[in-house]
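Results of the structural survey
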Amino acid sequence: MMKIDEILEYLPHRYPFLLVDRVTEVEKGKSIKGYKNISFNEPFFTGHFPDNPIMPGVLIIEAMAQLSGILGFVTVERKPSDGVIQYLAGSSKVRFKRPVLPGDRLDMESEFVSGKRGIWKFECRALVDGEVACVAEILTAEREV
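Residues numbered from 1 in each chain as written. Predicted model: local features only at pLDDT ≥ 70, side-chain atom pairs only at ≥ 80, totals over all residues. Heavy atoms only, no water.

- The name given to the protein in an unreviewed UniProt entry is 3-hydroxyacyl-[acyl-carrier-protein] dehydratase FabZ, with the source organism recorded as Marinobacter nauticus.
- Recorded in UniProt under Sequence similarities (unreviewed entry), the annotation for the protein is "Belongs to the thioester dehydratase family. FabZ subfamily."
- UniProt, in the comment section headed Catalytic activity (unreviewed entry), describes the protein in these words: "a (3R)-hydroxyacyl-[ACP] = a (2E)-enoyl-[ACP] + H2O". (UniProt positions renumbered as here; feature names shortened; annotations may be inferred.)

**Let's talk about the overall build of the protein**
- For the protein, the helix and strand inventory stands at two helices and six strands.
- Counting from the amino terminus, the protein carries its helices and strands in the arrangement α-β-β-α-β-β-β-β.
- Relative to its length of 145 residues, the protein is compact, with a C-alpha radius of gyration of 14 Å against a globular reference of 15 Å.
- Projected onto its principal axes, the C-alpha coordinates of the protein cover approximately 45 × 30 × 25 Å.
- Split into buried and exposed, the 145 residues of the protein put 43% on the buried side.
- In the form shown here, the protein has an accessible surface area of approximately 7,700 Å², with 51% of it arising from carbon and sulfur atoms.
- Taken as two groups, the 19 positive and 21 negative side-chain charges of the protein have centres that lie 5 Å from each other. (Helix = DSSP H or I, 4+ residues; strand = E, 2+ residues; numbered from the N terminus. Rg over C-alpha atoms; globule rule 2.2 N^0.38 Å. Buried < 20%, exposed > 50% of the residue type's maximum accessible area, 1.4 Å probe, protein only. Areas by Shrake-Rupley, 256 points an atom, 1.4 Å probe, with all protein chains shown as cover. Lys, Arg positive; Asp, Glu negative; His and termini not counted. Charge placed at Lys NZ, Arg CZ, Asp CG, Glu CD.)

**Notes on the packing of aromatic side chains**
- Under the defined criterion, the tally for this structure stands at four aromatic pairs.
- Judged by centre distance (4.6 Å) and plane angle (65°), the ring pair of phenylalanine 44 and phenylalanine 45 falls under edge-to-face.
- Residue class for phenylalanine 45 comes out buried when judged on its relative accessible area of 4%.
- Summarising the aromatic geometry, the rings of tryptophan 120 and phenylalanine 122 are spaced 6.4 Å apart at their centres and angled 10° between planes, so their arrangement reads as stacked. Accessibility classification places tryptophan 120 together with phenylalanine 122 in one group, the buried group.
- Grouping aromatic residues by their ring pairs yields a cluster made of Phe112, Trp120 and Phe122.
- Residue placement shows arginine 105 over the ring face of tyrosine 35; its charged tip is 3.9 Å from the ring centre. (Phe/Tyr/Trp six-rings, centres within 6.5 Å; stacked < 30°, edge-to-face > 60°. Lys NZ or Arg CZ within 6 Å of the ring centre and 35° of its normal.)

See the structure below:
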C-alpha cells in the first residue's frame, strides 16, 4: 500500500492534477490498484457542468494513466528523482459506462500487458461501487528529463 507521501515520490503531478489518492495493491511487473476520492470541491466541477457536476472523461483516463505510471516506475525500480518521467502516450479501446459524480470513490485497476523500448501498455478499469465507469488501454512512455 502507498499513501500520498510515497505516491508523490512516484508521480511528478501536484494539486490540482494529482489524481491518485492511495495505492492499495501493487505487484511489480503485474498490476496495481488504487483510488481517487471525488470531492465536490474539485476545480473541474465549476465548469463541467455547474448544474450537473460530472468528472470529465479525459480526467478519468488521466487518473488511470497516473496509476499505470506508478506501476511502470515500480517495475523498473526508478522514480522521477532519477531523471525519468512516465508520459501518457496514448489511449485506445476507451469506453465510458457511467458518470463519476461528487462523493464517488473512483477505484482503479491497471494490469501490465507489454513493454518495449520504454513504451508500456496497460489494461485499465475505473469503477464506482463495483460498477465499471470506464475501461481503456493506456500507453505510457518513459523518457529522461
